[in-house]
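# Structural description and commentary
Single-letter residue listing:
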Amino acid sequence: MQNMKSHEEIFILSNQYTLLEDVLPIPRNRFVELDLGCGKGDLAVGMALRYPDRTVLAADVMIGRLRKVLKKAGRNGVDNLFFLRVEARQLLTYILADSSVDRLHILCPDPWPKERHRAHRLLTSDIMAQLARILKPGGIFHFASDDKTYREEAVLNVRQSGLFEEIPSTGAIDDIADIRTEFERKWLSEGKTVPHMAFRVIK
């Protein structure tokens, strides 16, 4: 198995069938935030700065993006942020252990609007069980999208799964509501809305 901490402390997990805990042990009592599809890392770095006592995981399939987030984290002096280069479905299905994440964030994922690309969408009905599996009892799934069609389809899949209950953002995600991603700042500047939703896993 290759050195998982190559590429400047980025865990290279693509095409690896391993548990995260085998390469990055996290105490069971540690609060874990997962920014899945972290992009340029605004949310991940913001959470790591705000909550130095938590473990923040920034996951993305693009190594170039993760290198930029790593530099941003270094400039801000955070040491509780860890970088995972991995495809989202692989991370959710094979790498993360049961009940290992307290709060999962998926913000403005690619909606793949063309009909022939719909199979690439992440938040399909078949992935709901994996989201529920990795969340700890009472864990929160935080989702936001500027794309109305994709948002409605994704939320329908969440509701129909029967694995989550929709809850108000108060007490669930309002503590990070002021941390805006680059995508969200862009859409807001263009007059678009980016609704944020919170769901609590039922276990």
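Here, the structure is the one placed above.
For the structure given in this document, a descriptive report is provided here. The model shown is predicted, which means the values in this text are computed figures rather than measured ones. (Residues numbered from 1 in each chain as written. Predicted model: local features only at pLDDT ≥ 70, side-chain atom pairs only at ≥ 80, totals over all residues. Heavy atoms only, no water.)

## Things to note about the layout of surface pockets
- Empty space within the second largest pocket amounts to approximately 210 Å³.
- Lining of the second largest pocket is provided by 16 residues; of these, Glu21, Ile26, Arg28, Ala97 and Ser100 occupy positions nearest its centre.
- Its residues assigned to classes, the lining of the second largest pocket comprises 10 nonpolar, two polar and four charged. (1 Å grid on protein atoms, 1.4 Å probe; cavity = no way out; pocket = protein on both sides within 12 Å on 5 of 7 lines; lining within 4 Å. Points joined across faces, edges and corners; volume = space filled by probe spheres on them. Nonpolar A, V, L, I, M, F, W, Y, C, P; charged D, E, K, R; others polar.)

## Re helix α5 (residues 88-95)
- Those residues of α5 lying buried are Ala88, Gln90, Leu91, Leu92 and Ile95.
- Summarising the contacts, the buried residues of α5 are in contact with α2 (20-23), β2 (32-36), β3 (55-60), β4 (81-85) and α6 (128-134). (Buried < 20%, exposed > 50% of the residue type's maximum accessible area, 1.4 Å probe, protein only. Helix = DSSP H or I, 4+ residues; strand = E, 2+ residues; numbered from the N terminus. Contact = heavy atoms within 4.5 Å.)

## A short note on the nonpolar core
- In this structure, Leu34, Leu36, Leu104, Leu123, Leu131 and Phe141 are the most contacted members of the largest nonpolar core, which totals 37 residues.
- The set of elements that each furnish at least two residues to this core consists of β2, β3, α5, β5 (101-107), α6, β6 (135-144), α7 (148-161) and β8 (196-201).
- Not counting the four nearest positions on each side in its chain, Phe141 is found in contact with Leu104, Ile106, Leu123, Leu131, Leu135, Val158, Phe164, Met197, Ala198 and Phe199.
- Within the second largest apolar cluster, 26 residues are counted, among which are Ile10, Met47, Tyr51 and Leu66. (Core = buried A, V, L, I, M, F, W, Y, C linked by side-chain atoms within 4.5 Å.)

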